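This is what each chain is made of:
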Amino acid sequence: MNKSELILFAQKAREKAYTPYSEFKVGAALLMTSGKIYEGCNIENAAYPVTICAERVAIFKAIAAGETDFDQLAVVADTKRPVPPCGSCRQVMSEFFSPSFSIHTCNLENEVKTVTMNDLLPYSFAASDMDK
Ligand code: THU
């Protein structure tokens, strides 16, 4: 599975987004080391803050299936620049992804910016910070 193929899965997932409020559709595809892919799309709600982002749907689907061997993630939206994941998603990613984990951020013009977890959220709060 190469980066371009994973991005195609994210584009396909984006088409399922439920976005009656923002009409801003996001898709994500999370590749596991097993080769399995978990797709995610954003799912909005009339109570706006309950909305969940595409990235978190993909990550939570994998975890709920009992899989935690993450390999790489692609995220795509119809944006001018490759779509930057929101802060909440970055914090969730940092719980499960290593600092060197690759995230391919993309737009529909096939512009791709690959960043690491550490690029997205350096100096992040982690479980170890609760140890005194
Ligand atoms: N959204 C995502 O799905 N991922 C992000 O990283 C940024 C924001 C969604 C949430 C909401 O449905 C819409 O985009 C507008 O914020």
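Thresholds, definitions, all that
- Residues numbered from 1 in each chain as written.
- Predicted model: local features only at pLDDT ≥ 70, side-chain atom pairs only at ≥ 80, totals over all residues.
- Heavy atoms only, no water.
- Axes fitted to C-alpha atoms, helices over the stretch in contact; angles between N-to-C directions.
- Helix = DSSP H or I, 4+ residues; strand = E, 2+ residues; numbered from the N terminus.
- Parallel < 35°, antiparallel > 145°, perpendicular 65-115°, else oblique.
- Left-handed = near helix turned anticlockwise from the far one by under 90°.
- Contact = heavy atoms within 4.5 Å.
- Salt bridge = Lys/Arg side-chain N within 4 Å of Asp/Glu carboxyl O.
- Buried < 20%, exposed > 50% of the residue type's maximum accessible area, 1.4 Å probe, protein only.

Colleague: Give me the lowdown on the packing of helix α2 (residues 54-64) against helix α3 (residues 87-96), citing residues and values where you can.
Modeller: Where α2 contacts α3, the two axes come as close as 9 Å, and the packing angle between them is 30°. Between α2 and α3, the crossing angle belongs to the class labelled roughly parallel. You can see that α2 and α3 cross each other, and the crossing is left-handed. For the pair formed by α2 and α3, the contact residues are Glu55, Arg56, Ile59, Phe60 and Ile63 on the first element and Ser88, Cys89, Val92, Met93 and Phe96 on the second.

Colleague: Can you tell me about the pattern of salt bridges, naming the residues and giving the values?
Modeller: In this structure the tally under the stated criterion is 2 salt bridges. For the salt bridge of Glu39 with Lys12, the shortest nitrogen-to-oxygen distance reads 3.3 Å. Here Glu39, found in strand β2 (residues 37-41), pairs with Lys12, found in helix α1 (residues 3-14); they are 27 residues apart in sequence, far enough to count as distant. Given a relative accessible area of 17%, Glu39 falls into the buried group. Residue classification places Lys12 among the partly exposed positions, given a relative accessible area of 42%. Residue Lys16 is joined to Glu39 by a salt bridge in which the shortest nitrogen-to-oxygen separation is 3.7 Å. One end of the pair, Lys16, is in the loop between α1 and β1 (26-32); the other, Glu39, is in strand β2, and 23 residues separate them in sequence. Each member of the salt-bridge network shares a partner with another, and the members are Lys12, Lys16 and Glu39.

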